[in-house]
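Observations on chain architecture
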Amino acid sequence: KKYLINEQQYQSFLEKVSDIARADEYGESSILNIYYDTPDYRLIRTSIEKPIYKEKLRLRSYGTPMDDSKVFIEIKKKYKGIVYKRRVQMSYTEAVSYLNTKSSQKVFMEDKQSTQILNEIEYCRKNYENLAPRMVISYDRIAMIGREDEDLRITVDHNICWRTNQLDLRMQGQETQILEPHQYLLEIKITGAMDLKLAHILNELKIYQTSFSKYGSAYQAML
């Protein structure tokens, strides 16, 4: 569930939610993503139409990567309103080499789960012709996990930017902001019913659910 909040709501939310959630292993971080798409942006155009099923393919780094930095190839699927994110870890050069090579290639993964996820990623690559880097989206994030319920995940993103030049996470490029100044994107990820205390906090601060896609908003801004 996603919420667009202002500076006052952001500060109050972090204070009030501290009894429910704590910083996770990443805490505060800068996240960089390369989104892969067809030449006519078929994946994001389909996503904007809000079908029952949609998917995205991206390469994610926590911080600016070096050649040997560990990064994630992620396939993000949404089916009937439920989001499923699957990812495998590689070095940056390995991931770019794999994703930017058109022909299928065998990549050794140490465990069966990663091999299965890679098979899903490979199926996506075969299903959409000419997938290639189309856009970089970066942002600063605060990430939290539930103190008692570890299925609860809370993230707050700001300084969300996009660019279509310099499609390499190791490099800087000319970026455009997506959100208004002092605006934040709050996301709450839960597997079941929302904690009653958390629901009360959202209600008290007048934080209301919205529909928002970083890649979708950037694509529409690009047009």
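Everything discussed here concerns the structure shown above.
Here's a quick rundown of the structure. (Residues numbered from 1 in each chain as written. Predicted model: local features only at pLDDT ≥ 70, side-chain atom pairs only at ≥ 80, totals over all residues. Heavy atoms only, no water.)

Observations concerning the packing of aromatic side chains
- Inspection of the entire model under this criterion finds five aromatic pairs.
- Relative to Y215, the ring of Y35 lies with its centre 4.6 Å away and its plane at 25 degrees, an arrangement referred to as stacked. Pair noted here: Y35 is in strand 2 (residues 21–37) and Y215 is in helix 6 (residues 214–222), with a separation of 180 residues, a long-range link. Each of the two residues, Y35 as well as Y215, counts as buried.
- Judged by centre distance (6.0 Å) and plane angle (90 degrees), the ring pair of Y62 and F72 falls under edge-to-face. On the criterion of sequence distance, the pair formed by Y62 in strand 3 (residues 53–62) and F72 in strand 4 (residues 70–79) is long-range, its members being ten residues apart.
- According to the relative accessible area criterion, Y62 is partly exposed, its value standing at 25%.
- Ring pairing ties together the aromatic residues Y26, Y62 and F72, which thus form one cluster.
- Seen from the ring of Y139, K214 lies directly overhead, with NZ or CZ sitting 4.5 Å from the centre. (Phe/Tyr/Trp six-rings, centres within 6.5 Å; stacked < 30°, edge-to-face > 60°. Helix = DSSP H or I, 4+ residues; strand = E, 2+ residues; numbered from the N terminus. Buried < 20%, exposed > 50% of the residue type's maximum accessible area, 1.4 Å probe, protein only. Lys NZ or Arg CZ within 6 Å of the ring centre and 35° of its normal.)

Here we look at the environment of Y208
- One can find Y208 in the loop between helix 5 (196–204) and helix 6.
- A relative accessible area of 54% places Y208 in the exposed class.
- Each C-alpha atom, one on Y208 and one on I142, is 20 Å from the other, the two residues being 66 residues apart in sequence.
- Apart from residues lying up to four places away in sequence, Y208 is in contact with K2 and Y3. (Contact = heavy atoms within 4.5 Å.)

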